[in-house]
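Below, each chain spelled out in residue letters.
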Amino acid sequence: MKKKHSRGDHEFNPETLALGYGYDPALSEGAVKPPVFLTSTFQFDSAQHGKEFFEIAYGLREKEPGEVPGLIYSRLNNPNLQIFEQRMAAWDRTEAAAAFASGMAAISTTCLALLRPGDKVLTSAPIYGGTHFLFEHILPRYGIEAIQVPTSVNTPTLMGQLARELGGVRMLFLETPANPSNAMVDIAAVSALARQLSKESGEKVITAVDNTFLGPVFQRPAACGADLIIYSATKFIGGHSDLIAGVVTGSEALMKEILTFRTILGTMAAPFTGWMLLRSLETLSIRMRRQSKNAQALAKLLAAQPQVRRVNYPTLLPEGSQERAIYEAQCTGPGSLISFEIEGGEAAAFAMLDRFEVFRLAVSLGGTESLVEHPMTMTHADVPPEQLEAIGVTPGLIRMSVGIEHLSDLQRDLLHALEG
Ligand SMILES: *Cc1c(COP(=O)(O)O)cnc(C)c1O
């Protein structure tokens, strides 16, 4: 794989790297675009090469300086995944990355690789439903306990108090901004806490951030000190609502442990998914910026409507507030998820949802098309009623994922749906 990352002392930007980095056309008949490598197995030049590839793949010896491990079998790796992984690592400015069959495959493989019986995890709350299920119902079977800490400006302080009280905390798992409230956790403060806890306990405490909503374009957790950055690539990275995938980025050392588990659990993405993700990465920055620009205009429009009680969107955070300071320190843009509460509860929300024509009534997010949904009865239907209020999910709350359509069409559609 061609590794050109810079010319002289000029480091290329991820938008540029997304078009060529990690791919050597000479290995594919000069094809400008990487072909899809639909193969399960790879032929060795010689028995000696086969032996060397296995030695590295199975950790029997360390790589020699400059040695490029050869391809063996697509459960271990495949060119489409490797190119995608190199470009994702470039985007997050981490040493390595691993592609998975889904966001949940990425999260569960990471947890199984890095946690042991007796370990505890502190998570921000609310958190994605599948992740919540993993922490509540699956990891406890393996002796791993997760404790939720509400997302607020106080999350780092609360996590510090709890970790010292409980002992055995091995991972701080964050999802920021929170879904659907857009509340934020201070990643730098939590990462600093993890480093402090590592020192106190003599064992590494890992900060993992689910960066699906703003990353990698508007939020780079590695720059805030986080160890692992996790994505549902189904959302913005894939970006066209036509695939399911996940990715984790981080240091060589942590990714090595995660890759061993990926190989054995078989949770890697398929070659065709890797190829689709490469196509998607080329336009990631353009799409996310256009989506965010549309969303900023719609959030402003919503905030000016009398039927709208409250709009949750980063650019509307009060100037001078602690939330605003966190947003400005760790994000370079507000993204394209908005939630808002309308007068009239569920009946009014349902009537509004049924009137949209351009926005599609569907869950998921991050695609080129605009979507709307009702968190209380859809994405957050399994959250216990007593917790809904705390995470801002009320009967009148609607969540939208803003796409790349022409802004004037979205504005008209929104006003039409609001006014009936
Ligand atoms: C969708 C989502 C996931 C799960 O990803 P899948 O690709 O559906 O497995 C995890 N975290 C967040 C924040 C998500 O939005």
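Here we summarise the structure given alongside this text. (Residues numbered from 1 in each chain as written. Predicted model: local features only at pLDDT ≥ 70, side-chain atom pairs only at ≥ 80, totals over all residues. Heavy atoms only, no water.)

Observations concerning the environment of alanine 299
Then comes step 1: Locating alanine 299 in the fold gives a position in helix H9 (residues 271-303).
Then comes step 2: Note on alanine 299: relative accessible area 0%, which makes it buried.
Then comes step 3: Separated by 60 residues in the primary sequence, alanine 299 and glycine 239 have C-alpha atoms spaced 21 Å apart.
Then comes step 4: For alanine 299, the contacting residues outside a window of four places in its chain are Val311, Tyr313, Leu316 and Ile338. (Helix = DSSP H or I, 4+ residues; strand = E, 2+ residues; numbered from the N terminus. Buried < 20%, exposed > 50% of the residue type's maximum accessible area, 1.4 Å probe, protein only. Contact = heavy atoms within 4.5 Å.)

Quick look at the pattern of salt bridges
Then comes step 1: For the structure shown, the criterion picks out 17 salt bridges.
Then comes step 2: Of the charged contacts, one joins arginine 61 and glutamate 55 as a salt bridge, the two residues approaching to 2.6 Å between their closest N and O atoms.
Then comes step 3: The class of arginine 61 is partly exposed, set by a relative accessible area of 23%. (Salt bridge = Lys/Arg side-chain N within 4 Å of Asp/Glu carboxyl O.)

So, the site of the ligand
Then comes step 1: Around the ligand, the surrounding shell holds 13 residues, and the nearest of these are Met104, Asp210, Ser232, Thr234 and Lys235.
Then comes step 2: One of the side-chain N or O atoms of threonine 234 is found 2.6 Å from an oxygen atom in the ligand.
Then comes step 3: Interatomic distance of 2.7 Å between a side-chain N/O atom of lysine 235 and an oxygen atom of the ligand.
Then comes step 4: For the ligand, the accessible surface in isolation is 380 Å², of which the surrounding protein chains cover 93%.
Then comes step 5: Per-element tally for the shell around the ligand: the top contributor is helix H4 (residues 103-114), with 3 residues. (Near = heavy atom within 4 Å. Polar contact = N/O pair within 3.5 Å; in protein donor to acceptor, adjacent residues only side chain to side chain. Areas by Shrake-Rupley, 256 points an atom, 1.4 Å probe, with all protein chains shown as cover.)

A few points about the sheet that holds strand E4 (residues 120-125)
Then comes step 1: Pairing is mixed in the open sheet, where 7 strands are placed in the order E3-E9-E8-E7-E6-E4-E5. Two strands close off the open sheet at either side, each with one partner strand: strand E3 (96-100) and strand E5 (145-150). This sheet shows a mean twist of 20° between the axes of neighbouring strands, independent of strand direction.
Then comes step 2: As judged from the 4 bridges shared by E4 and strand E6 (residues 169-175), these two strands associate in the parallel manner. Of the residues in E6, the one forming a bridge with valine 121 is methionine 171.
Then comes step 3: In the packing of helix H5 (residues 129-138) onto the sheet, contacts are made with E4, E5 and E6, and the angle to E5 comes to roughly 130°.
Then comes step 4: The strands touched by helix H8 (residues 252-265) within the sheet are E3, strand E7 (206-210), strand E8 (228-232) and strand E9 (246-250), with E3 carrying the most contacts at an inclination of about 25°. (Pairing = 2+ DSSP bridges. Axes fitted to C-alpha atoms, helices over the stretch in contact; angles between N-to-C directions.)

Let's talk about the nonpolar core
Then comes step 1: Counting residues in hydrophobic clusters, the biggest one holds 35 residues, and the most contacted among them are Phe84, Met88, Ile237, Val247, Leu277, Leu281 and Leu284.
Then comes step 2: Listed by contribution, the elements that provide at least two residues to this core are helix H3 (79-92), E3, E8, H9 and helix H10 (322-330).
Then comes step 3: Counting contributing residues, this core receives three or more from each of domain 1 (74-281) and domain 2 (285-419).
Then comes step 4: Not counting residues within four places of it along the chain, the set of residues in contact with isoleucine 237 comprises Phe84, Met88, Pro216, Tyr231, Val247, Leu277, Ser280, Leu281, Leu284 and Arg287.
Then comes step 5: The next biggest cluster of nonpolar side chains, apart from the first, holds 27 residues, and it includes Ala98, Leu115, Ile127 and Met171. (Core = buried A, V, L, I, M, F, W, Y, C linked by side-chain atoms within 4.5 Å. Domains from an automatic or database assignment.)

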